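Each chain is listed here by its residues.
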Number of protein chains: 2
Amino acid sequence: MTTIRDVARKAGVSVATVSYVINGTRNVAPETAARVRAAMEELNYHPNAVAQSLRTRSTHVIGAVISDISNPFFATLIKGAEDCARKNGYSLLICNTSEKLENELVYLQLLSRKRVDGMIIAPTGKNDALIKDLIERGMQIVLIDRKMEGVSAPAVLSENEQGAYQATRYLLDHGHRRIGIVLGLPHVSTTTERLLGYRRALAEDGIAEDPSLIVYGHSQVGGAREASVKLLNRPDRPSAVFATNNLMTIGLMTAIHDLGLRCPRDVSVIGFDDFDWAAAFEPPLTTVAQDPYLIGERAVEILFANLNQAHRSTPEIRIPTRFLPRGSVQKL
Amino acid sequence: MTTIRDVARKAGVSVATVSYVINGTRNVAPETAARVRAAMEELNYHPNAVAQSLRTRSTHVIGAVISDISNPFFATLIKGAEDCARKNGYSLLICNTSEKLENELVYLQLLSRKRVDGMIIAPTGKNDALIKDLIERGMQIVLIDRKMEGVSAPAVLSENEQGAYQATRYLLDHGHRRIGIVLGLPHVSTTTERLLGYRRALAEDGIAEDPSLIVYGHSQVGGAREASVKLLNRPDRPSAVFATNNLMTIGLMTAIHDLGLRCPRDVSVIGFDDFDWAAAFEPPLTTVAQDPYLIGERAVEILFANLNQAHRSTPEIRIPTRFLPRGSVQKL
DNA sequence: GCTATATATCTAAACGTTTAGTCTAACCGT
DNA sequence: ACGGTTAGACTAAACGTTTAGATATATAGC
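Here the structure is a predicted model, which means the values were calculated and not measured. (Residues numbered from 1 in each chain as written. Chains lettered and ligands numbered in written order. Predicted model: local features only at pLDDT ≥ 70, side-chain atom pairs only at ≥ 80, totals over all residues. Heavy atoms only, no water.)

(A) Spotlight on the nonpolar core. Ranked by size, the top nonpolar core spans 152 residues in total, and within it Ile120 of chain A together with Ile120 of chain B carry the most contacts. Sequence-distant contacts of Ile120 of chain B, that is, excluding residues within four places in its chain, are made with Ile62, Gly63, Ala64, Val65, Ala81, Val142, Ile144, Ala299, Val300 and Leu303 of chain B. (Core = buried A, V, L, I, M, F, W, Y, C linked by side-chain atoms within 4.5 Å. Buried < 20%, exposed > 50% of the residue type's maximum accessible area, 1.4 Å probe, protein only. Contact = heavy atoms within 4.5 Å.)

(B) Structural view of the sheet that holds strand E11 (residues 316-319) of chain A. The 12 strands are arranged E11(A)-E5(A)-E4(A)-E3(A)-E1(A)-E2(A)-E2(B)-E1(B)-E3(B)-E4(B)-E5(B)-E11(B) in an open sheet whose pairing can be described as mixed. The sheet terminates laterally at E11 of chain A together with strand E11 (316-319) of chain B, the two strands that pair on one side only. Ignoring strand direction, the axes of neighbouring strands in this sheet form an average angle of 20°. Here four bridges tie strand E1 (residues 61-66) of chain B to strand E3 (residues 118-121) of chain B, and the two strands are oriented parallel to one another. From the neighbouring strand, Ile62 of chain B faces E3 of chain B, where its bridge partner is Gly118 of chain B. Across the sheet, helix H5 (residues 72-87) of chain A touches strand E1 (61-66), strand E2 (91-96), strand E3 (118-121) and strand E4 (141-144) of chain A together with strand E2 (91-96) of chain B, and the angle it forms with E2 of chain B is around 75°. Sheet strands touched by helix H5 (residues 72-87) of chain B: E2 of chain A together with E1, E2, E3 and strand E4 (141-144) of chain B. Its angle to E2 of chain A, the strand with the most contacts, is close to 75°. (Pairing = 2+ DSSP bridges. Helix = DSSP H or I, 4+ residues; strand = E, 2+ residues; numbered from the N terminus. Axes fitted to C-alpha atoms, helices over the stretch in contact; angles between N-to-C directions.)

(C) The arrangement of the packing of helix H8 (residues 160-173) of chain A against helix H9 (residues 189-204) of chain A in detail. All names here are of chain A. It is the contact of H8 with H9, at a shortest axis distance of 7 Å, that shows an interaxial angle of 40°. In the packing of H8 onto H9, the handedness of the crossing is right-handed. Contacts between H8 and H9 pair Asn160, Glu161, Gln162, Ala164, Tyr165, Thr168, Arg169 and Leu172 from the former with Thr190, Glu193, Arg194, Leu196, Gly197, Tyr198, Arg200, Ala201, Leu202 and Glu204 from the latter. In terms of residue class, the contact of H8 with H9 is made up of seven nonpolar, five polar and six charged. (Left-handed = near helix turned anticlockwise from the far one by under 90°. Nonpolar A, V, L, I, M, F, W, Y, C, P; charged D, E, K, R; others polar.)

(D) Quick look at the interface of chain A and chain B. Contacts between chain A and chain B engage 52 residues on the former and 52 residues on the latter. Across the chain A/chain B interface, buried area totals approximately 5200 Å², and carbon plus sulfur atoms make up 60% of it. Sorting the residues of chain A by area buried against chain B places Arg115, Phe281 and Glu282 of chain A first, and these three jointly supply 13% of that buried surface. Counting across the interface, chain A meets chain B through two salt bridges. (Buried area = accessible area lost by both parts, 1.4 Å probe. Salt bridge = Lys/Arg side-chain N within 4 Å of Asp/Glu carboxyl O.)

(E) Broad picture of the protein's contact with DNA strand C. Around DNA strand C there are 29 residues in total, and Ser19, Arg26 and Arg55 of chain A together with Thr32 and Arg57 of chain B lie nearest to it. Counting only atoms of DNA strand C within 4 Å of the protein, the sugar-phosphate share comes to 57%. A distance of 3.5 Å separates a phosphate oxygen of DNA strand C from a polar atom in the side chain of Asn27 of chain B. Within the side chain of Arg55 of chain B, an N or O atom sits 2.8 Å from a base nitrogen of DNA strand C. (Near = heavy atom within 4 Å. Polar contact = N/O pair within 3.5 Å; in protein donor to acceptor, adjacent residues only side chain to side chain.)

(F) Region of interest: the protein's contact with DNA strand D. Taken together, 29 residues lie around DNA strand D, and Thr32 and Arg57 of chain A together with Ser19, Arg26 and Arg55 of chain B are the ones closest in. The contact in question runs from a phosphate oxygen of DNA strand D to an N or O atom on the backbone of Ala29 of chain A, over 2.7 Å. Within the contact set of DNA strand D, a phosphate oxygen lies 3.0 Å away from a side-chain nitrogen or oxygen of Asn23 of chain B. Those elements that place two or more of their residues in the surface near DNA strand D are helix H2 (15-23) and helix H4 (49-56) of chain A together with helix H1 (4-11), helix H2 (15-23) and helix H4 (49-56) of chain B.

(G) Seen up close, the domain arrangement of chain A. Entries for chain A in the domain assignment read domain 1 (4-55), domain 2 (58-158 + 292-319) and domain 3 (160-290). Using only C-alpha atoms to locate each centre, domain 1 of chain A and domain 2 of chain A end up separated by 35 Å. (Domains from an automatic or database assignment.)

(H) Fine view of helix H13 (residues 292-307) of chain A. Residues and elements named next belong to chain A. The first and last C-alpha atoms of H13 sit 23 Å apart over 16 residues, in line with the 22 Å expected at 1.5 Å per residue. Every buried residue of H13 is listed here: Pro292, Ile295, Gly296, Glu297, Ala299, Val300, Ile302, Leu303, Phe304 and Asn306. The secondary structure elements touched by the buried residues of H13 are E1, H5, E3, E4, strand E5 (155-158) and E11. (Expected span 1.5 Å × (residues − 1).)

(I) Fine view of the pairing of strand E10 (residues 286-289) of chain A. All names here are of chain A. Side chains Thr286 and Val288 project from E10 onto one buried face, and the interleaved Thr287 and Ala289 project onto a second face that is buried too. As paired elements, strand E9 (residues 268-272) and E10 share three bridges and run parallel to each other. For Gly271, the partnering residue across the bridge sits in E10 and is Thr287. By the bridge criterion, three bridges tie E10 to strand E12 (residues 322-324) in an arrangement that is antiparallel. Paired with Val288 across the strands is Phe323, a residue of E12.

(J) Representation of the relation of the copies chain A and chain B in the model. Note on the identical chains: chain A maps onto chain B by a rotation of 180° and an axial translation of 0.1 Å, with an RMSD of 0.1 Å. Taken together, the rotation and translation describe the operation of a two-fold axis. Both copies present the same face, since 100% of the interface residues in chain A are matched by interface residues at the equivalent positions in chain B. (Least-squares fit on C-alpha atoms with pLDDT ≥ 70 in both.)

(K) Broad picture of unusual backbone geometry. Looking along the chain, the bond that leaves Cys263 of chain A and enters Pro264 of chain A is cis, with omega of 5°. By the element assignment, Pro264 of chain A lies in the loop between helix H11 (246-258) and E9. Positive phi outside glycine occurs at Asn44 of chain B, with the angle close to 55°. Within the element layout of this structure, Asn44 of chain B appears in the loop between helix H3 (30-43) and H4. Overall, the relative accessible area of 26% leaves Asn44 of chain B in the partly exposed class. Phi is positive for Glu99 of chain B, close to 60°, though the residue is something other than glycine. Its location among the elements puts Glu99 of chain B in the loop between E2 and helix H6 (101-113).

(L) Up close: the environment of Pro264 of chain B. All names here are of chain B. The exposure class assigned to Pro264 is partly exposed, which follows from its relative accessible area of 22%. Separated by 65 residues in the primary sequence, Pro264 and Val329 place their C-alpha atoms 5.5 Å from one another. Excluding residues that lie within four positions of it along the chain, Pro264 makes contacts with Pro283, Gly327, Ser328, Val329 and Gln330.

(M) Quick look at H5 of chain A. All names here are of chain A. With 16 residues, H5 extends 23 Å from end C-alpha to end C-alpha; this agrees with the ideal 22 Å at 1.5 Å per step. Extensive coverage of H5 is indicated by the burial of 13 of its 16 residues. Taking the backbone nitrogen of Phe73 as reference, a side-chain oxygen 2.9 Å away marks Asn71 as the first, capping residue of H5. The positive-phi residue at the C-terminal boundary of H5 is Gly89, with phi of around 80°.

The structure is reproduced here in structure tokens:
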């Protein structure tokens with residue numbers, strides 16, 4: 001690999017001068033600059049970003065800690081984050097925790113060692129200690145999708161309560177009284193917030209909550225399928241089910257299919273999260289659409305804003321959801 | 001940030017000794033080691049990976065250049081790659097080219113400057129020069145999903161020709177004679193290979209190729225929808241259509257839906273790529289399933305193998321596809 | 001008791017940049 | 001002609017590690 005020293009030698013200048021023409025940080029005579037550039041060209045020189053990082057104490061990398069990149073929600077979120085990062089000359093290092101606290105810990109340590117300039121994190125939820133510690137020692141962190149009580153970091157989240165409320169409200173307005181809900185992981189904020197919205201709508205109509213209608217799929221398709229089967233096999237089967245994320249929705253639809261039921265004839269469905277295929281197949285799915293791309297984008301925007309300010313702000317940004325009525329809900 | 005020097009001072013030893021206990025590269029007396037570890041603990045010391053990289057000339061990062069992380073195929077591939085990378089102590093830097101040559105060039109330069117230890121690349125296809133150049137100067141590169149003629153790098157690919165052949169064969173066996181095909185990007189190897197399989201099956205039955213049945217969606221849902229609408233609006237509409245990747249499939253299904261047609265009653269469909277939702281909605285989609293997770297995993301396995309060998313091998317690995325007959329094809 | 005060997009530790013140079021400080025020569029105004 | 005300014009270039013220290021080689025001390029063999 002050719003170094004700045006090689007370039008300097010070839011151009012007959014000092015390494016400092018080469019550095020100045022690369023970065024434009026000081027005046028250098030036009031003809032000298034030209035000679036340096038020619039030398040760089042000829043030697044096919046590319047500055048060593050590792051050395052630059054060591055010296056400048058900035059890696060231009062931001063770490064993205066999510067549960068699972070193969071989940072379309074996070075994949076799209078990361079796309080938004082990456083697009084925004086690249087525009088600002090940054091790259092993204094991705095880390096899949098699989099919702100395991102141990103993985104999250106390992107990754108946070110790793111990113112910290114790699115001296116990333118910041119992180120966006122969808123926390124598993126049980127780990128405030130390390131995150132707090134990182135923030136204290138100056139690491140820039142933005143929470144995405146989920147928040148954590150007690151950590152003072154910006155967070156970019158969906159309007160979960162409102163979205164879930166709308167979905168439930170819609171079902172109630174269509175005459176449904178027994179409404180099941182398939183939730184994801186018990187202890188993350190998205191789950192609790194969506195449950196809250198569901199409850200608010202029910203309460204509004206004076207419907208007593210039936211605990212047997214509230215089931216957890218633990219954010220896995222298989223788990224959602226099992227939970228849904230149990231839910232749908234009850235003698236007093238709900239007439240409608242609200243699945244609170246895309247994996248839950250797939251599990252629920254699979255269960256309906258496997259039980260030989262039809263949607264919406266036998267059971268109405270609303271899903272949280274919208275994707276291309278939701279409209280293209282039968283039934284066209286009624287969904288509460290989140291905007292994961294925007295979440296990712298806003299998160300790194302905020303990260304950069306804080307990176308350039310001495311004092312950091314810790315806003316809680318809420319990205320609105322959109323309710324998309326399609327064909328998976330039947331009027332009773 | 002606390003440095004190795006701080007630890008050394010606190011433990012009353014030289015920095016070398018601290019380094020030795022961190023890396024276990026030389027004998028150090030047990031009690032000294034204990035003292036050093038205590039100091040590290042107390043100071044909450046985490047080695048600076050940037051400095052380590054500069055010195056050891058290894059970043060433990062591999063670059064992943066793909067077209068679009070929000071495409072589930074690539075998202076799953078990246079998951080496989082990341083899982084394998086992490087097991088070996090490596091991280092993944094992701095780069096979305098959006099199928100644009102210019103982006104690919106920028107990213108390859110960037111990764112090269114960042115001194116990644118290797119790259120896995122799904123090339124846009126028109127850019128052999130830079131990739132060849134990188135390989136020549138010692139960069140470890142593994143091609144994924146697509147290959148490039150003339151570059152001597154390992155490649156991990158699906159059995160595209162065979163998969164497409166099977167799908168077409170299946171349609172022929174079900175009595176279809178006019179079979180449309182919706183292809184992705186014209187110049188990438190996956191497209192040409194899948195077209196080849198389609199042709200082989202048709203030729204086998206002595207069916208003359210009808211160019212009007214071969215359309216391109218340019219690997220975008222919108223493009224696929226438009227192309228499909230044109231295809232299905234022909235007076236001599238094909239009785240079956242083969243969509244050669246997941247985006248094409250969604251575009252095709254959307255077109256069918258928008259035209260008020262029903263699948264499989266009016267038109268039979270087979271898709272390339274299988275995903276959770278393909279089985280859960282109506283019609284349950286008959287697909288040729290790829291194994292993107294395995295592609296990603298094998299790719300970084302090969303990368304690591306070559307990283308540790310003086311002489312590198314450049315195998316072309318083919319990952320088998322699985323044909324999954326479900327409900328979207330009608331017998332004529 | 002002496003050499004040979006093994007063990008534990010240290011010194012200092014490197015990895016490839018950036019950048020504060022210094023130097024030189026040219027230019028300017030008076 | 002001379003001090004003051006400026007433009008352009010250079011020197012060298014620093015960023016935080018690793019590691020080859022030197023040094024010192026203990027252990028063993030005879």
